[in-house]
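Residues per chain, in single letters:
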Amino acid sequence: MAAADPRWDPGRWAAASLRARGAPEPRPGPRRGLWRRLCRCCGHCCGRTAERRWEPDSREAPARRGLQAARPGQLIPLSLSIGCPEDPVSHHTADFRCPVLVVRRGQPFSLCLRLPRALRQPQDDLCVELTLGPAPQVAKGTHVLIPLGESSATGWTAEEEGGGAEEGAGPGAGHALRLRVTAPPHAPIGRYRLSVRTRTEEGGEYAAPFQERHDVIVLFNPWCPEDSVYMEPTSDLNEYVLNETGRIFYGTEEQIVERSWNYGQFDQGVLDACLYILDRRGMPHSARGDPVMVSRVVSAMVNSLDDNGVLVGNWTGRYEAGTNPSAWAGSVEILLGFHRTGAPVRYGQCWVFAGVMTTVLRCLGLPTRTVTNYNSAHDTDVSLTTDIYLDESMKPMERLNTDSVWNFHVWNDCWMKRPDLPEGHDGWQVVDATPQETSSGLFCCGPCSVEAVKNGEVFLKYDTPFVFAEVNSDKVYWQRQPNGTFAVVHVEEGAIGRRISTMGPGSGARLDITHLYKHPEGSAEERQAVSKATSHGSRPPRGRGSGSALTLALALAGPAVAGAALELRVRLRNQAPEPRTLRLRLALAAVRYTGVTGPAFRQEVHRREIAPGQEEVIPLSVPYREYQGQVQEQDALKVTATGTVEESGEVLARELRVQLQLPQLTLTLLAPAVVGQEAPIQVLFQNPLPEALTGASLRMEGAGLECPKPLALGSVGAGQTVRLRQAVVPLKAGLRRLVATLESPQLGPLHGLLSLDVAEGAGPGGGARENDVTTGARK
């Protein structure tokens, strides 16, 4: 028996899920009241609104109405044209490569209807009809009936354009009626079926058929002041909604590196894939006007847990059954693959989840940015602290250290109003698709108000305690005592949530947004926020750590380059008026970017006596051959220093995470880039390691570009320089950006970015989409 197609999985809202095409059983229509059956007037005497004069036909399959048999006297439309050339520009949707009109709610779009004669009111009536989803209902706002010149109960309007009625030229051209249709700023987003109905005194009602080419996709509108995702019209919207290429930051706090990412939200098929994500989750169509719920559903669906969503997370280092997360160059291939097969794509890690999340939310119209938090805590017990357990000799007890500190973690901010929260919490909201902890039983996170995180308001939804711990928890060191209990021996403030970064609008440079997430480190406001948050945690609040006269610092003595020796320095300084003796333990280990630490491959113990006011430096040199087999891909080297002051019993602890620097890919355009013609690209890189690279592969992606398939490079010798020639085909004119990624088992991912100024081709350019389609009836 063939396996079921996962694309038809009903999800958690089975009644509203995507389902196979086919006419459902007819539903009995509502029974009319006695007075309504006796009175054939307009309905106002019954207290009916104008919309109730137009009612759904209970005998029809929703949105699947075909051609009707004509009756004498009916007003049968000759053609229906959706949109005009100005609509995509005014709605900021011109870049979508989509066969139907894409508009934004709260803003009018054009509709041109050709009739065999002029509309004679009040004898004639006309209604624009739209349906959303497989089971549209008037009461839920998913079956919309808009009488001409009036509004629907949910706020849709259809107005005749000034001077819009005109006679066509030539016999049979008919009479053109031009309308402006507006979706209310709270309308559910999605793909609407659109048709019209007419009514005459002599012929009665005629309903034109629904046709796919007349569909209209409605999105959120951050340019509309009444929309809950409205953002002031600045250059920020060009970045957070319209920009198709971005930069994602990774590395460590001291060594921030970046990679380019192709979001490609306007590429062909991406919008359909994004709407499919909502369908696959079974989200009710009537709830899709709320950005809070839409963003929460997307954060659950971008990971594969619970709902067989877009991406399978994999942090094992073994990727034979899929694609190494470091190899992805953008979101387009991932989303199209998920939509095509209905099966989760393998594999992703946090920056991949966040990159796909940015694509989906920008595509749907929510202003969104990709955010990186350095030294990001993962609190597993809702203590709102990061707890580290040590034994009597100051060695970490890894079996108890369930909390972790990620070198970096990538999530998203999206912009919206929060009517479900107290005033003052609108604006940026955290959403995180990486499956770390469950939220209400599902692997999703957010939306969580950044303002609530900043002020320690962990009692506000959604998932504020978890996000607060990621950016502002204290590191608390517990040491096992002789009686088996644990006591707090050190509290390190300010170590979590460092240099929170995103790509700045317009400039493309790194923008530090730490001040949005937390008050200045150590300030009264910041300590008050921590106190407020921890009072709601699973453990009672702890006092602040006391300062020590003996200070301990770790630092690099030179650049940390992959393939070269690593030089480190441990700096001790005694600020007390008397000598201090320190028993110091140093350990070096590889640490996954998720904070999981491997076994120490070097340990040293030192005892140093430091005179008053003096400083001592302990050098630490790590040759390549020593760390060669320890570090993989996104790993860093972690240096841990723990010590005890013999005179006072004070405990000192510090960590330093070192990210090895990698070379960049150099991309060069070898000939002018023209729409529809191959553009040759040279890729240049050098292997920095004193050993050969094996199993290397190159992947390219770019919005508006047709890119080659992934290329296997075979073996690249030690220190070897490689020149490759690839070709891309531009699909759209203007500034295009090509993102390239090279990955291999021996070396972390290498990245490159190339901007192409693409010229129009010599052939005729693409014109406006032709929407005129005859809607004639069967005779």
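Scroll up to find the structure.
Procedures and definitions
Residues numbered from 1 in each chain as written. Predicted model: local features only at pLDDT ≥ 70, side-chain atom pairs only at ≥ 80, totals over all residues. Heavy atoms only, no water. Pairing = 2+ DSSP bridges. Helix = DSSP H or I, 4+ residues; strand = E, 2+ residues; numbered from the N terminus. Salt bridge = Lys/Arg side-chain N within 4 Å of Asp/Glu carboxyl O. Buried < 20%, exposed > 50% of the residue type's maximum accessible area, 1.4 Å probe, protein only. Axes fitted to C-alpha atoms, helices over the stretch in contact; angles between N-to-C directions. Parallel < 35°, antiparallel > 145°, perpendicular 65-115°, else oblique. Left-handed = near helix turned anticlockwise from the far one by under 90°. Contact = heavy atoms within 4.5 Å. Nonpolar A, V, L, I, M, F, W, Y, C, P; charged D, E, K, R; others polar.

## Here's the deal with the sheet that holds strand β35 (residues 705–706)
Consider a sheet: its strands pair through backbone hydrogen bonds, and that pairing is either parallel or antiparallel. Across the sheet, which stays open at both edges, the four strands sit in the order β32-β33-β37-β35 with antiparallel pairing between neighbours. The open sheet has two edge strands, β32 (666–669) and β35, and neither has a second partner. Taken together, the four bridges between β32 and strand β33 (residues 679–686) define a ladder with antiparallel strand orientation. Bridge assignment links Leu 669 to a residue of β33, and that residue is Ile 681.

## A closer look at the pattern of salt bridges
Applying the stated criterion across every chain, the model contains 42 salt bridges. Residue Asp 272 is joined to Arg 191 by a salt bridge in which the shortest nitrogen-to-oxygen separation is 3.9 Å. Separated by 81 residues along the polypeptide, Asp 272 in helix α4 (residues 270–281) and Arg 191 in strand β9 (residues 190–200) bring together distant segments of the chain. Classification of Asp 272 by relative accessible area gives partly exposed; the value is 30%. The shortest N-O distance in the salt bridge between Arg 193 and Asp 215 comes to 2.6 Å. With Arg 193 in strand β9 and Asp 215 in the loop between β10 (204–207) and β11 (216–219), this residue pair connects regions lying 22 residues apart in the sequence. For the pair shown, Arg 193 and Asp 215 are each scored as buried.

## Things to note about the packing of α4 against helix α6 (residues 332–341)
Following both chains from N to C, one finds α4 and α6 inclined at 55 degrees, their axes separated by 9 Å at the closest point. Classified by the angle between their axes, α4 and α6 sit oblique to one another. Of the two possible hands of crossing, α4 and α6 adopt the one that is left-handed. On α6, the residues that touch Val 270, Asp 272, Ala 273, Tyr 276, Ile 277 and Arg 280 of α4 are Val 332, Leu 335, Leu 336, Phe 338 and His 339. Of the residues in the contact of α4 with α6, the class split is eight nonpolar, one polar and two charged.

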